[in-house]
Amino acid sequence: MLDSSTQIHSSADHWRTLPKVLLHEHLDGGLRPQTLLALCQTSNISLPVATAPELALWLQSNANSGSLERYLRAFGLTVAAMATARACEQVAFEAAEDARLDGCVLAEFRMAPLLLEPHGLAPELAVEALLRGLQRSSMPAGLIVCAMRTDSVQAVESAARLAVRYASYGVVGFDLAGAEKGFPATVHRAAIHLARDAGLGITLHAGEADHGQRVLEAIELGATRIGHGVQIAQPAPGEDAAAALRRMHTVAAMAVDQKAHGRPVHFEVCPTSNTHTGVCADLASHPMKSMLSAGLSLSVHTDNRLISGVTHSGELAAVHQALGWQVADIEASMQSAARASFMPQAVVQRVLQQLAGG
């Protein structure tokens, strides 16, 4: 544990000893550069550069575009490289181990297995391989099955059924990801409810690239966690700042009324990724400042370690430096993240004891 009364440096090295909970990381966006290079070479996938450091730099420079749609293009390469069961297992294991070595005591990783099907890997085999990889790590880790909101209703329902099928084997949640504008989550209500009614946790990407009302829609659909959600703090076209503030206060009030909502809505915020996709110009102007002031429950995560060139410790160091978030604030946010986890309650309780220093 870091001593919250001690002045700490901005370097990520000083944050690795802080026990952390990771809720939002995409496996296909977090490969080790050397692993991606080797997988591409094995599968004869052509690359624009020759070395792992050059490959990481190429991906990150393309992702830092100010557009979510352009940011997502990098996944065409990583998904193709992961399209074997062996590759999926390796990537999942390495992600869990990287998180553990970075100080994580619990993690949930996500992936859209249907993306691998056009490359020849059946979604069931992908999920089984990803679970094998996560379970090889000594750190408690679960898998969230993503569906791509840009896919058909039938495809998204197939992903939900796949998640339910493996709910007893390590799949803990269901998510909608992908380009947000023009693809509202409400179209996929049946799939979301299928997963929710089977006992899976629901986290939906909402209010990342589209306006803040999408966050309220996601909550109405049953989400107890919101991926990003940062547009809730921003006025939509035709709105004033007061409208955004009312939205945030509406969500914050849900945390008080446990009987009405069950548990507080928790926001999985990924600051560096948000700067890359154009949500804000830099971390100092990140909307999480307004979200915290409004009383929203949130924690900081990586989104895509490779694509954004970050680590969990590095994100915390950056938030500490840019926004003045102190150790005690971050420790409290990690406890909130643990309580929001979709992992079994016995695991969550053990992790909460670790976070409290017990």
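As shown above, the structure is provided for reference.
As a starting point, this report considers the structure included with it. No experiment lies behind these values; they were computed from the predicted model shown.

Another aspect to go through is the overall build of the chain. Within the chain one finds 17 helices and eight strands. For 358 residues, the compact-globule estimate of 2.2 N^0.38 gives 21 Å, and the chain sits close to it at 19 Å. Overall, the chain is about 50 × 45 × 45 Å in size when its C-alpha atoms are taken along their principal axes. Put simply, the chain has 358 residues, and 57% of those count as buried. By sequence separation, contacts in the chain at least 24 residues apart represent 74% of the contacts at least 6 residues apart. Of the side chains in the chain, 26 bear a positive and 33 a negative charge, and the two mean positions are spaced by 3 Å.

The next point concerns the side chain of Arg 305. Inspection of the secondary structure assignment puts Arg 305 in helix H14 (residues 305–308). Engagement of the side chain of Arg 305 in a polar contact is seen with the side chain of Glu 25, the distance being 2.8 Å. Excluding residues within four positions of it along the chain, Arg 305 makes contact with Glu 25, Gly 29, Gly 30, Ala 95, Asp 98 and Val 310.

The next thing to look at is the packing of aromatic side chains. In this structure the tally under the stated criterion is one aromatic pair. Ring geometry for Tyr 166 versus Tyr 169: centroids 6.2 Å apart, planes at 65°, classification edge-to-face. Under the relative-accessibility criterion, Tyr 169 is labelled exposed at 53%. The side chain of Arg 136 reaches across the aromatic face of Phe 93, ending 4.0 Å from its centre. The aromatic ring of Phe 342 is capped on one face by Arg 225, whose charged end is 3.9 Å from the ring centroid.

Right, let's get into the pairing of strand E7 (residues 266–269). Burial of E7 is two-sided: the residues His 266 and Glu 268 facing one way and the residues Phe 267 and Val 269 facing the other way are all buried. In terms of strand pairing, strand E6 (residues 225–228) meets E7 through three bridges, oriented parallel. In the strand pairing of E7, Gly 227 is matched with Glu 268. Direction of pairing for E7 relative to strand E8 (residues 297–300): parallel, over a ladder of four bridges. Note that in E8 the partner of His 266 across the bridge is Ser 297.

The next thing to look at is the pairing of strand E2 (residues 104–111). For a regular strand, side-chain orientation follows a simple rule: the groups alternate between the two sheet faces. Here E2 lies mainly inside the structure; eight of its eight residues are buried. Here strand E1 (residues 20–22) runs beside E2; their pairing, made up of three bridges, is parallel. Within E2, the residue paired with Val 21 across the bridge is Leu 106. Here E2 pairs with strand E3 (residues 141–148) via five bridges, running parallel. Residue pairing across strands places Phe 109 opposite Leu 143, the latter belonging to E3.

Before going further, it helps to spend a moment on the pattern of salt bridges. Applying the stated criterion across every chain, the model contains 19 salt bridges. Residue Asp 98 pairs with Arg 32 through a salt bridge whose shortest N-O separation is 2.8 Å. Of this pair, Asp 98 sits in helix H5 (residues 85–101) while Arg 32 sits in the loop between E1 and helix H1 (33–42); the two residues are 66 residues apart in sequence, bridging distant segments of the chain. A salt bridge links Arg 161 to Glu 157, with the shortest nitrogen-to-oxygen separation between them at 3.9 Å. Taken together, the residues span about one helical turn, with Arg 161 and Glu 157 both in helix H7 (residues 153–165) at a distance of four residues. Overall, Arg 161 belongs to the partly exposed group, its relative accessible area being 43%. Overall, Glu 157 belongs to the partly exposed group, its relative accessible area being 22%. Residues participating in the shared-partner salt-bridge network are Glu 25, Arg 32, Glu 94, Asp 98 and Arg 305.

Once that is clear, we can look at the sheet that holds E7. Read across the sheet, eight strands follow the order E1-E2-E3-E4-E5-E6-E7-E8 without closing on themselves; strand pairing throughout is parallel. In the strand order of this sheet, the two ends are held by E1 and E8, each with one partner. Neighbour-to-neighbour, the strand axes of the sheet open up by a mean angle of 25°, direction not taken into account. The strands touched by H7 within the sheet are E3 and strand E4 (171–177), with E4 carrying the most contacts at an inclination of about 165°. Across the sheet, helix H15 (residues 312–323) touches E1, E2 and E8, and the angle it forms with E1 is around 110°.

The rules behind these values
Residues numbered from 1 in each chain as written. Predicted model: local features only at pLDDT ≥ 70, side-chain atom pairs only at ≥ 80, totals over all residues. Heavy atoms only, no water. Helix = DSSP H or I, 4+ residues; strand = E, 2+ residues; numbered from the N terminus. Rg over C-alpha atoms; globule rule 2.2 N^0.38 Å. Buried < 20%, exposed > 50% of the residue type's maximum accessible area, 1.4 Å probe, protein only. Contact = heavy atoms within 4.5 Å. Lys, Arg positive; Asp, Glu negative; His and termini not counted. Charge placed at Lys NZ, Arg CZ, Asp CG, Glu CD. Polar contact = N/O pair within 3.5 Å; in protein donor to acceptor, adjacent residues only side chain to side chain. Phe/Tyr/Trp six-rings, centres within 6.5 Å; stacked < 30°, edge-to-face > 60°. Lys NZ or Arg CZ within 6 Å of the ring centre and 35° of its normal. Pairing = 2+ DSSP bridges. Salt bridge = Lys/Arg side-chain N within 4 Å of Asp/Glu carboxyl O. Axes fitted to C-alpha atoms, helices over the stretch in contact; angles between N-to-C directions.

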